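# Structural overview for review
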Amino acid sequence: HIESFARFAERSNGSLTQADWDTMASDFMSFYQNKDMFPTSFTAVYEGQTYSYDWTDDHPYIRLDSVINVDYQDIHAEVSLSPQLQAESIASILIIILVIIALVGFTASFQHAVDHLVVIPLERMMDTLKSSANSILRSVQHIAHEKGGDDDENALFNEHDIDEEVEKVLETDLLENMVAKLARITALVMPGNETQYVNENNMDQNTKDWIHREYLHEDNKHGRSSQIMSMADAKNIRNKTGGSIPSPGQAGHGRTTLRKSVQPPGKDRNADGSDGEPKEKDAKQIHREKMERAINSWTYDVEALSAKDIQFSISYIFNTFEILEEFDVPVRKMDGFIKELEKKYISTNKYHNWKHAVDVMHTVFRFIIETQSHTFFTPLETFSVLISAVAHDVAHPGLSNSFLIKTRHSLAIMHNDQSPLENMHCATLYEIVNKDKFNVFGKLDVDDWRTARKIIISAILGTDMVHHFPLISKLEIFYEMHGLSLQKQIVAGESNCETAAGMKETANRSFLIDVFLHAADISNPVKSYDICKKWAYMVVEEFFQQGDLEKERGEDVSPMMDRLTTNIPTMQVSFIEFVVYPLYDALIKTFPSLEVLLRNIVKNNREWTSRRVEELKQDQRYNANNQGDEEITKLETRLVQLEAKAQKTIQLVLPMSLKLEEAKQQYEDMLKVVASASSVLSMDSENLPMMAGNYSRRRLASGITDEMEDDVRDLDEKDFDPPDSTRSSGGSGGSAPSSSMRGSRRASGSDAIGNNGKGKTSTKVVRISEAAVEQEH
């Protein structure tokens, strides 16, 4: 356009006037009306004169950066692109708005999906975790009030502090903890995880072979081929051991017998069977109380007991849980069953004998009591695990599964090399109860009989050491899933098979039964050192006898069974470190009330290590080439590492252990209150279960309540006129209670007898309802 003006001016030959330039400028301006641009100024130099036109006043809001300059020869124009730029800006704004609307819609849709799939489930999880944290803090506050009074200065937290403390816990931290727990569980279920418990760097070759053969089920593939055990070989074993390798229906005879009458401890009968004061009551009572204390402690030493004391122990354990009454088992039948079972144990075995069975049964009993498992085990499960414990090694030949498999013994052939001994123990037990006179399961219905059999078989098969490390992994998973919740419910007295964490599932309860029996089967190192040492030498001697037999047969001697090369302290240190400790570490995390056993493990490991160190210091062969110093350093390092792990676990479980002990003490105090109340009402003491014997708190409360309410109705209807001889001569109509009544009043802890001001003594009895007993617990 400017160029056309310039050419027109050239052709005019100087004839253009002001009016012409005005017309051109006006046309120039008019042409761009309603266009996406417009001129703001026009300047032309023609024949020495300048013609300028400015239209900026018509467009006062023109941005300088929207103006472009156009020059051609002597003509200059400025054009604003504002309409074009404004149209582009509006289009851009519209695009942005559309994008924002699309993003908002997408975000809303995405947020809805995230809320539904992630946020809402996480919020529920976080609420649960925060609620749990809040409950723990309030429990700590409650304990602080009980110990330090209600003074605010003694309180650990007030209500505001508790809520604030919970809010400080970030949801991301809680989520991180959950993810870490899932990672631990995943690691535990991965194939081959058993090796995490075995640090082969600290093992000598003999220990390594032993662990891999007996616990990881890896046979030595480089050894000489084994011979089939013939009848002549079996006869040779009988000559060596004084017994036999039994079939399921054959075993040696023991000497211990169970007394004919299974009675609750605390009541004797005269020689003629009548109730009454027994002769030598004081001596018998003292011994009875001594036995009860031993049975209810970890110092129980079955090797030091007489046959009569063992008989009493079995009676006490069964009566503790009221087994005979619960399942209508005749005393004579239980007596006969125990006697027959004892006969099936081979008395010449150094270790796998009747006393070992009783020791394992006692240890299972202690596990149930100390962990309060009787609150969530059903009575049938308690019955089954006790029978499993006392029968778990019945007819054991004193030889290992690997030996039977290696020699192709008939038991191994019969059971396809799968836990031949344990399968034989189960079969032997059921051969006994298959006889009516020994059938302690005779009153069970079909479903209960099958349930009991399933529990017993699972528990006994679980004592095969090839299941050891998988069992530990499962126990650690159980702890991660249910451990803390179960502990809190036990402390609160809210644990039963319907409500306890993880206990609704029958499989979980059966699993804990398997754990208890297996842990009891290898429990010697968790007892005091004196007891541990006795059993250690007995089991080692049985191992050595098998090693002697293997030498006679020209076979490779199994690891740890050569009496010429096996060092007992070294063997025990390895057994504790690599076998016993991992199981009990997981068990005590799950049930902190057993933490004293972890302390015993540490003490026993220290004793065996010290013994080995002293041997090395005195052995000239090792001192000559400094091998002794090297082994001593390794032993001491292993000792320090084990004690550090144990200390970490003890610190973890100690707070909960103290709470569980306090809850247990409260329960014992409740029973004392109930017992005292029952004495006021002259209740038969036999109706009161023993402290350890009441696994059903509600049943205890209900029984006491029914008895007391009957007596309360009688007492409320009448007053008692005391005999004249009991009235105080100097009083104003008051009466002095008889000595028996005074004793009752002291026992009950309440004003059972008081002066009514009218010369009569009214008797008041405080009712203990079921709810009150539960609250007292």
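Note that this is a predicted model, so its numbers are computed, not measured. (Residues numbered from 1 in each chain as written. Predicted model: local features only at pLDDT ≥ 70, side-chain atom pairs only at ≥ 80, totals over all residues. Heavy atoms only, no water.)

Before going further, it helps to spend a moment on the sheet that holds strand β4 (residues 75-80). Taken in spatial order, the four strands of this open sheet run β2-β1-β4-β3, and their pairing is antiparallel. Each edge of the sheet is formed by a strand with only one pairing partner; in this case those strands are β2 (49-54) and β3 (67-72). Going across the sheet, the axis of each strand differs from the next one's by a mean of 10°, ignoring polarity. In terms of strand pairing, β3 meets β4 through six bridges, oriented antiparallel. From the neighbouring strand, Val67 faces β4, where its bridge partner is Ser80. Taken strand by strand, helix α1 (residues 2-11) contacts β1 (38-46), β3 and β4, and its axis lies near 25° from that of β3. Relative to the sheet, helix α2 (residues 18-31) contacts β1, β2 and β4, its axis offset from that of β1 by approximately 155°. (Pairing = 2+ DSSP bridges. Helix = DSSP H or I, 4+ residues; strand = E, 2+ residues; numbered from the N terminus. Axes fitted to C-alpha atoms, helices over the stretch in contact; angles between N-to-C directions. Contact = heavy atoms within 4.5 Å.)

Per the stated rule, a full pass over the model turns up 28 aromatic pairs. Seen from their ring centres, Phe31 and Tyr32 are 5.0 Å apart, and the 85° between their planes marks the pair as edge-to-face. Between Tyr537 and Trp608, the ring centres sit 6.2 Å apart and the planes meet at 50°, which makes this aromatic pair tilted. In this pair, Tyr537 sits in helix α20 (residues 529-552) while Trp608 sits in helix α22 (residues 595-618), placing the two residues 71 residues apart along the sequence. Given a relative accessible area of 34%, Tyr537 falls into the partly exposed group. Look at Trp608 and you get buried, because its relative accessible area is 0%. Ring-pair connections join several aromatic residues into one group, and the members of that group are Phe5, Phe28, Phe31, Tyr32, Phe42, Tyr53 and Trp55. Directly above the aromatic system of Trp298 lies the positively charged group of Arg366, at a separation of 4.9 Å from the ring centroid. Above the face of the Tyr430 ring, Arg453 is positioned so that its terminal group lies 4.5 Å from the ring centre. (Phe/Tyr/Trp six-rings, centres within 6.5 Å; stacked < 30°, edge-to-face > 60°. Buried < 20%, exposed > 50% of the residue type's maximum accessible area, 1.4 Å probe, protein only. Lys NZ or Arg CZ within 6 Å of the ring centre and 35° of its normal.)

All right, on to the packing of helix α21 (residues 568-590) against α22 then. Interhelical geometry of α21 versus α22 gives an angle of 165° and a closest axis separation of 9 Å. When the axis of α21 is compared with that of α22, the two are roughly antiparallel. Relative to α22, the crossing made by α21 is left-handed. Only Glu595, Leu597, Leu598, Ile601, Asn604, Asn605, Trp608, Thr609, Arg611, Arg612 and Glu615 of α22 make contact with α21, whose side of the interface consists of Ile568, Pro569, Thr570, Gln572, Val573, Ile576, Val580, Tyr581, Tyr584, Asp585 and Ile588. (Parallel < 35°, antiparallel > 145°, perpendicular 65-115°, else oblique. Left-handed = near helix turned anticlockwise from the far one by under 90°.)

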